[in-house]
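# Structure assessment
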2 protein chains.
Amino acid sequence: MMRGVSLFPGMPAAECPEYVVLGAICDIDEKRLAAATEAYNDVPAFTDYKEMIDSGLVDAVITTLPHYLHPEVAIYAIEHGVAALVDKPAGVYTKAVREMNEVAAKHPEVAFGIMFNQRTNKLYQKLRDYVQSGKLGKLRRSNWIINNWWRPDSYYQQSEWRATWGGEGGGVVMNQAPHQLDLWQWICGMPKSITSKIIFGAHRDIVVDNDVTVIADYGDGATGVFVTCTHDILGSDRLEIDLDGGKIVVDDSSKATVYRFVKSEAEMNENMSMMEVAMLLRGGSMDELAVVETFENTDGWGLQHITVMDNFAKHMIEGTPLLAPGSDGIYGVELANAILLSSWLGHEVEIPVDEDVYLAELNKRIAEEGKFELRK
Amino acid sequence: MMRGVSLFPGMPAAECPEYVVLGAICDIDEKRLAAATEAYNDVPAFTDYKEMIDSGLVDAVITTLPHYLHPEVAIYAIEHGVAALVDKPAGVYTKAVREMNEVAAKHPEVAFGIMFNQRTNKLYQKLRDYVQSGKLGKLRRSNWIINNWWRPDSYYQQSEWRATWGGEGGGVVMNQAPHQLDLWQWICGMPKSITSKIIFGAHRDIVVDNDVTVIADYGDGATGVFVTCTHDILGSDRLEIDLDGGKIVVDDSSKATVYRFVKSEAEMNENMSMMEVAMLLRGGSMDELAVVETFENTDGWGLQHITVMDNFAKHMIEGTPLLAPGSDGIYGVELANAILLSSWLGHEVEIPVDEDVYLAELNKRIAEEGKFELRK
């Protein structure tokens, strides 16, 4: 909450949501804490998150921290009756996230959310309804190119933990793409297995993943592709979803076209010849084939985080359902783990991945890197 | 050459090219031959291709036959001094295609071409020049979704050899996608390795591949994706190519946008912050980032085959360079073989594939199918 001052040029300044007040600030970095207390000198400051949680000054924490710390801090908060809105990703490896979810499940009285701010995009909410309700029939293919996560070397160099195995736990799948990994599964469902090809340090001086190509198998004749990278300066964001009863195309997360077939593809396959379909398509009119609907996302990009915080506060106070329950965070981490593991092992991996195998493979890389302690 | 009568509704009727005359017709199917001789009763008819080639009535043959026969017939023709324009794919497995190419290389006096009619698309010719000349810098990623090859079950049932291992040698990668497999390598170059995921008989009653997802590794930090299937009634055709010095987006093989970066991505990575680039992009103007060029393919779709035949005839008579030399056919077959082999073996395969391993794996499937003899 920047009190009307936006950190991003061109983005609208965010208003503090109605039911939210900044109760305390915590940072182990004294310099950063000093800068924060200067800007917010009426707000109590802490260097130890446990002291902040124990202080009674906050009803909820937001874990805007290196990813490994999300489950650790959330678990402490929830066990001490303080609500936790974890930042994405929910964690670096599923073992820790599962433990966090188990603690949260034991404390249903404590609110537990995750900052999947892109779920506030009404366009994606509508598409999810189309797919998950079965209105367009069964899924056949998903295809998302989401390359508009350009990051220069200077970005990676700004913190010690960035783009390391021990400090960040991964690259683009851990830091930039978690939003789309979540939306991908939120709309299309979780795949049964993953095959990936990753270039670690593609066109950048880093050791982690920043050029990622994924093939998903959903079973039942449905497949998917997910492509992301951090070196495409004019990065694409294009999602296509094919279903038995329709097709969806989304450009730039803001413009959707939905085709609802008059007859399902299975029925057309059974009753129509190639020539009949060619005639239909060549005519130029889509009427006999599909009902076409187009819509745009009208939400402001800069307001998504505020919307999640607002929803979280209303959930705590009025019981409003969460846009993104904290326990949902494990799906994106599961996908990220499967993507990295498939590339490390050189073959397809099933979902859920074996969490011990994943952690062992991750620790191998942390050990090789030699900068951070192993995880357990 | 249908003498002004088009077989496809909505397609322009093709004129016989200037230097081409139908010299003879050959078919082993007596019924089909009877129908052909009725339509062209002044043209000599044969049931044995060797007799036709030996007859002295034809200067060139077009091998519009089941794919396995392309190398066999072309080899016989070339060895007997008759020019061969092979239909795509050049063959089913690289071993046979390599043998054909070796025979052709020994007979440089005999014309040898391949029906890659989509190479006549001037849009692709221009894009190839952009990429292969290095005008847009080094390749970083290619991404082609080419799903507009809808085929119903009735199509697959129309001939005994269709959609079989022994008769056709594969599905969509052998029959429909060879054009794009060729264009993909023609524009972007050959990958070093291939990882694929295939569904055999996806939503169709066939045993061969008809839902194919491919990851290519070009080495040097460049990757690619190729997606094709035969069950998408509103199939997409979208090609994206990312390079160090630009980006290309093509929709429906007919509308291209080329972005030529003012500075290369590598230079921007070195000298610009995330914020500076965000400012550039948010401004809405592309001027400081890239020069944008758009163009469309203006060629008639129905004329491509005629253009190839015309070029082939002029090559024979006047020495005009071939749009598609016959020896180029091996690249697409190499890709198709690598795609199938990766999926059969369950791991990434290097290019060139081991041609004996490929043939052995193919013969396994022909034996299981039990309808056709093994290949050697």
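Report on the accompanying structure. Since this is a predicted model, take the numbers as computed values, not measurements. (Residues numbered from 1 in each chain as written. Chains lettered and ligands numbered in written order. Predicted model: local features only at pLDDT ≥ 70, side-chain atom pairs only at ≥ 80, totals over all residues. Heavy atoms only, no water.)

## Some details on the packing of helix α4 (residues 94-106) of chain A against helix α12 (residues 329-345) of chain A
All names here are of chain A. Between α4 and α12, the shortest axis-to-axis distance is 9 Å and the interhelical angle comes to 165°. As the angle between them shows, α4 and α12 are arranged roughly antiparallel. For α4 against α12, the interelement crossing comes out left-handed. Between α4, through Thr94, Val97, Arg98 and Asn101, and α12, the contact on the second element is made entirely by Ile330, Val333, Glu334 and Asn337. (Axes fitted to C-alpha atoms, helices over the stretch in contact; angles between N-to-C directions. Helix = DSSP H or I, 4+ residues; strand = E, 2+ residues; numbered from the N terminus. Parallel < 35°, antiparallel > 145°, perpendicular 65-115°, else oblique. Left-handed = near helix turned anticlockwise from the far one by under 90°. Contact = heavy atoms within 4.5 Å.)

## Some thoughts on the sheet that holds strand β11 (residues 246-251) of chain A
Residue and element names in this part refer to chain A. Strand order in the open sheet made by the 9 strands is β13-β12-β11-β10-β6-β9-β8-β7-β14, with mixed pairing throughout. At either margin of the open sheet sits one strand with a lone partner, and together these are β13 (290-296) and β14 (349-350). Judged from the 6 bridges that link them, strand β6 (residues 139-146) and strand β9 (residues 222-229) form a sheet pairing that is parallel. From the neighbouring strand, Ile146 faces β9, where its bridge partner is Thr228. α12 rests against β7 (193-200), β8 (209-219) and β14 of the sheet, and its axis sits at about 70° to β7. (Pairing = 2+ DSSP bridges.)

## Description of the interface of chain A and chain B
Each partner contributes to the interface: chain A provides 62 residues, whereas chain B provides 63 residues. With both chains or domains summed, chain A and chain B bury close to 5200 Å², and 62% of this area falls on carbon and sulfur atoms. Put simply, chain A and chain B have 10 salt bridges between them. Close ionic contact of Glu265(B) with Arg204(A) constitutes a salt bridge, the shortest N to O distance being 2.6 Å. Along the contact surface separating chain A from chain B lie 30 residue pairs in polar contact (both at pLDDT 80 or more). Residue composition of the side of chain A that touches chain B, by class: 27 nonpolar, 18 polar and 17 charged. (Buried area = accessible area lost by both parts, 1.4 Å probe. Salt bridge = Lys/Arg side-chain N within 4 Å of Asp/Glu carboxyl O. Polar contact = N/O pair within 3.5 Å; in protein donor to acceptor, adjacent residues only side chain to side chain. Nonpolar A, V, L, I, M, F, W, Y, C, P; charged D, E, K, R; others polar.)

## Points about the packing of aromatic side chains
Scanning all chains against the criterion turns up 18 aromatic pairs over all chains. Centre to centre, the rings of Tyr155(B) and Tyr156(B) are 5.3 Å apart; their planes meet at 75°, and the pair counts as edge-to-face. Grouping residues by exposure puts Tyr155(B) and Tyr156(B) together as buried. Within the aromatic cluster, the residues linked to one another by ring pairs are Tyr124(A), Trp144(A), Trp184(A) and Phe226(A). Sitting over the ring of Tyr155(B), Arg151(B) keeps its end group 5.1 Å from the ring centre. The cationic tip of Arg375(B) hangs over the ring face of Tyr68(B); the distance from NZ or CZ to the ring centre is 3.6 Å. (Phe/Tyr/Trp six-rings, centres within 6.5 Å; stacked < 30°, edge-to-face > 60°. Buried < 20%, exposed > 50% of the residue type's maximum accessible area, 1.4 Å probe, protein only. Lys NZ or Arg CZ within 6 Å of the ring centre and 35° of its normal.)

## Thoughts on the relation of the copies chain A and chain B
Mapping chain A onto chain B calls for a screw motion: a turn of 180° about the axis and a shift of 0.0 Å along it, with 0.0 Å RMSD after fitting. Such values leave the two copies arranged in the relation of a two-fold axis. For chain A, the minimum C-alpha distance to the rotation axis belongs to His347(A) and amounts to 2.9 Å. Same-surface contact between copies: 100% of interface residues of chain A are shared with the interface of chain B. (Least-squares fit on C-alpha atoms with pLDDT ≥ 70 in both.)

## Observations regarding the pattern of salt bridges
All names here are of chain B. Inspection of every chain in the model, using the stated rule, returns 46 salt bridges over all chains. Between Arg140 and Asp244 there is a salt bridge, with the nearest N and O atoms lying 2.9 Å from each other. In this pair, Arg140 sits in strand β6 (residues 139-146) while Asp244 sits in the loop between β10 (237-243) and β11 (246-251), placing the two residues 104 residues apart along the sequence. Its relative accessible area of 5% is what places Arg140 among the buried residues.

## Quick notes on the environment of Ser285(A)
Residues and elements named next belong to chain A. The residue Ser285 is located in the loop between α10 (274-282) and β13 in this model. Residue classification places Ser285 among the partly exposed residues on the basis of a relative accessible area of 42%. As a C-alpha pair, Ser285 and Lys263 span 22 residues in sequence and 16 Å in three-dimensional space.

Geometric descriptors of this kind do not, in isolation, establish any biological role.
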